[in-house]
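Summary of structural features
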Amino acid sequence: ADVQAAPRAADAQAAPDLTILSWNILAQRWADKCFADGEYPLATAHDILWSNRCPRIVAELLASTADVILLQEVDAAAFNELLPKLTGYDGLHQKGNTHPCNATFWKPRLSLVWAQHRSRTLSTVLHDGQAKASVAIVNCHLEGCPSASLKRVQQLQSALEGVRHAGSLQAPHASLVLAGDFNSTAEGAVAAYLSFGSVPQGTREAWGLAGSTAVPDEACAVAAHAYQLQSVYGLDDPRAFSFAPSGRSGWHGLLDHVWYDGRHLRCVSRRQLVASEAHLDALLTMGMPSAASPSDHLPCGATLRWSGDAATA
């Protein structure tokens, strides 16, 4: 079941909610390659065309009215095309990559204070002028190989340490949001690291065709983080998925996530991954990308609410 929006206290000065949407939009070069390699067995050539997919992506993003949009698999050409079409948003494209990477967009009530570009993450600190508080946003597209749990945990640790260091110096912030394509399920090493601060011994990774594999001891030794993170989606719906390239005939699961530091933010609602039972059936019948989805991933998101003391944190 979806989290129901909590009633807002009768306070005319209450800060507006912070809405987040994250989506791996499928870079065109990967769409073409995967289609040619037979990795989208149910897709048609029309499903793959950027000229068909881009307008649907833009329409979905604008309809969301999210305050912050986090996209993965965005190449330079796509970013330059999307930015003017996402009217009412400023944006930043990840630097230092020749391959498709991350892009973050935000509404004018938010202003960019700081940014850090790493190989798999784009971290920003955005100041919310109405909430009078700043939030760190980590846009993630972690290592893709199912067995690469150590690399994914190291990538997260590096990003979180960068944000923590910035917070103690030039970009203090009251809270933190991480979202994106984690290439890991809600039971894997990434979720364990975010939940507990470090990866417990015995954690296993299980997605794709590789089956369940033990997380290497090195992942359990990665330096801990000090945030108090909570998952928007969690483990409450074992049927939930955001990635289903072969529909019900192949592996499908939840690889896209939203996490937040619960000390000054709380989740009051989350985005439905599928719009209806009919949409669910279409995704599993036609696969992704298809007429049911312009990407091989589904967008995820949440509405987060500031606590009353966020401005003084």
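Before reading further, recall that the structure is shown in the block above.
The paragraphs below set out a description of the structure included in this document. (Residues numbered from 1 in each chain as written. Predicted model: local features only at pLDDT ≥ 70, side-chain atom pairs only at ≥ 80, totals over all residues. Heavy atoms only, no water.)

**Section: helix 3 (residues 50-64)**
- Look at helix 3: 21 Å from first C-alpha to last across 15 residues, which is about the 21 Å you get at 1.5 Å a residue.
- Listing the buried residues of helix 3 in full gives Trp50, Asn52, Arg53, Cys54, Ile57, Val58, Leu61 and Ser64.
- Within two residues after helix 3, Thr65 carries a phi angle of roughly 50°, on the positive side. (Helix = DSSP H or I, 4+ residues; strand = E, 2+ residues; numbered from the N terminus. Expected span 1.5 Å × (residues − 1). Buried < 20%, exposed > 50% of the residue type's maximum accessible area, 1.4 Å probe, protein only.)

**Observations concerning the pattern of salt bridges**
- Counted according to the given criterion, the structure contains eleven salt bridges.
- For the salt bridge of Asp37 with Lys33, the shortest nitrogen-to-oxygen distance reads 2.8 Å.
- Asp37 sits in the partly exposed class, given a relative accessible area of 45%.
- Between Asp67 and Arg109 there is a salt bridge, and its shortest N-O distance comes to 3.3 Å. Taken together, the residues Asp67 in the loop between helix 3 and strand 2 (68-74) and Arg109 in the loop between strand 4 (101-106) and strand 5 (110-117) connect sequence positions 42 residues apart.
- For Arg109, a relative accessible area of 18% puts it in the buried group.
- One continuous salt-bridge network, built from bridges that share partners, spans Asp67, Arg109 and Asp128. (Salt bridge = Lys/Arg side-chain N within 4 Å of Asp/Glu carboxyl O.)

**Some thoughts on the nonpolar core**
- One finds Val177 and Trp306 to be the most contacted residues of the largest nonpolar core, which totals 39 residues.
- Ignoring anything within four residues of it in the chain, the contact list for Trp306 reads Ala15, Pro16, Leu18, Asp128, Ala131, Ala133, Ser134, Val135, Ala174, Ser175, His264 and Leu265.
- In terms of nonpolar packing, the next biggest core, distinct from the first, is built from 29 residues, Val138, Val153, Leu160 and Val222 among them. (Core = buried A, V, L, I, M, F, W, Y, C linked by side-chain atoms within 4.5 Å. Contact = heavy atoms within 4.5 Å.)

**Looking at the sheet that holds strand 2**
- Read from one edge to the other, the open sheet built from six strands follows the order 3-4-2-1-14-13, with strand pairing classed as mixed. Single-partner strands in this sheet number two, and they are strand 3 (90-93) and strand 13 (265-270). Neighbour to neighbour, the strand axes of the sheet diverge by 20° on average, direction disregarded.
- Bridging between strand 2 and strand 4 involves five bridges; their strand directions are antiparallel. (Pairing = 2+ DSSP bridges. Axes fitted to C-alpha atoms, helices over the stretch in contact; angles between N-to-C directions.)

**Here's the deal with helix 4 (residues 76-85)**
- The complete set of buried residues in helix 4 reads Ala78, Phe79 and Leu82. Taken down its axis, helix 4 places every buried residue within 95° of arc, on the same side. Turned more than 90 degrees away from the buried face of helix 4, the exposed residues are Ala77, Asn80 and Pro84.
- Where helix 4 is buried, its residues contact helix 3, strand 2, strand 3 and strand 4. (Arc of directions from axis to C-beta.)

**Quick word on the packing of helix 5 (residues 149-168) against helix 6 (residues 189-196)**
- In contact at an axis separation of 9 Å, helix 5 and helix 6 are set at 35° when each is read in the N-to-C sense. As for how helix 5 packs across helix 6, the hand of that crossing is right-handed. Where helix 5 abuts helix 6, its residues Ser149, Arg152, Val153, Leu156, Gln157 and Leu160 lie against Ala189, Val190, Tyr193 and Leu194. (Left-handed = near helix turned anticlockwise from the far one by under 90°.)

**Observations concerning the packing of aromatic side chains**
- Scanning the entire structure with this criterion turns up two aromatic pairs.
- Plain terms: the ring middles of Trp207 and Trp251 are 5.4 Å apart, the flat faces sit at 50° to each other, and that makes the pair tilted. Remark: Trp251 occurs in the loop between strand 11 (229-231) and strand 12 (256-261) and Trp207 occurs in the loop between strand 9 (204-206) and strand 10 (212-214); sequence separation between them is 44 residues.
- Classification of Trp207 as buried rests on a relative accessible area of 9%.
- For the cation-ring pair, Arg29 lies above Trp30, with the distance from its terminal atom to the ring centre recorded as 5.7 Å. (Phe/Tyr/Trp six-rings, centres within 6.5 Å; stacked < 30°, edge-to-face > 60°. Lys NZ or Arg CZ within 6 Å of the ring centre and 35° of its normal.)

**Regarding unusual backbone geometry**
- The omega torsion across Met288 and Pro289 is 0°, close enough to zero to call that bond cis.
- Along the chain, the position of Pro289 falls in the loop between helix 8 (277-286) and strand 14 (300-306).
- Look at Leu26: it is not a glycine, yet its phi comes out positive at around 70°.
- Residue placement: Leu26 occurs in the loop between strand 1 (18-24) and helix 1 (28-36).
- Classification of Leu26 by relative accessible area gives buried; the value is 1%.

**Some thoughts on the sheet that holds strand 8 (residues 175-181)**
- The six strands are arranged 5-6-7-8-12-11 in an open sheet whose pairing can be described as mixed. At either end of the open sheet lies a strand with only one pairing partner, and these are strand 5 and strand 11. Along the sheet, successive strands turn relative to each other by an average axial angle of 20°, direction set aside.
- Sheet analysis places strand 7 (residues 133-141) next to strand 8, joined by seven bridges and oriented parallel.

**Considerations on the side chain of Arg53**
- Secondary-structure assignment places Arg53 in helix 3.
- Of the side chains bearing the opposite charge, Asp296 lies closest to the buried Arg53, which forms no salt bridge; the N-O distance is 6.9 Å.
- In terms of polar contacts, Arg53 uses its side chain to reach the backbone carbonyl oxygen of Pro294, at 2.9 Å.
- In this structure Arg53 touches Ile25, Leu26, Ala27, Gln28, Ala31, Asp47, Ile48, Pro294 and Ser295, once residues within four positions along its chain are discounted. (Lys, Arg positive; Asp, Glu negative; His and termini not counted. Polar contact = N/O pair within 3.5 Å; in protein donor to acceptor, adjacent residues only side chain to side chain.)

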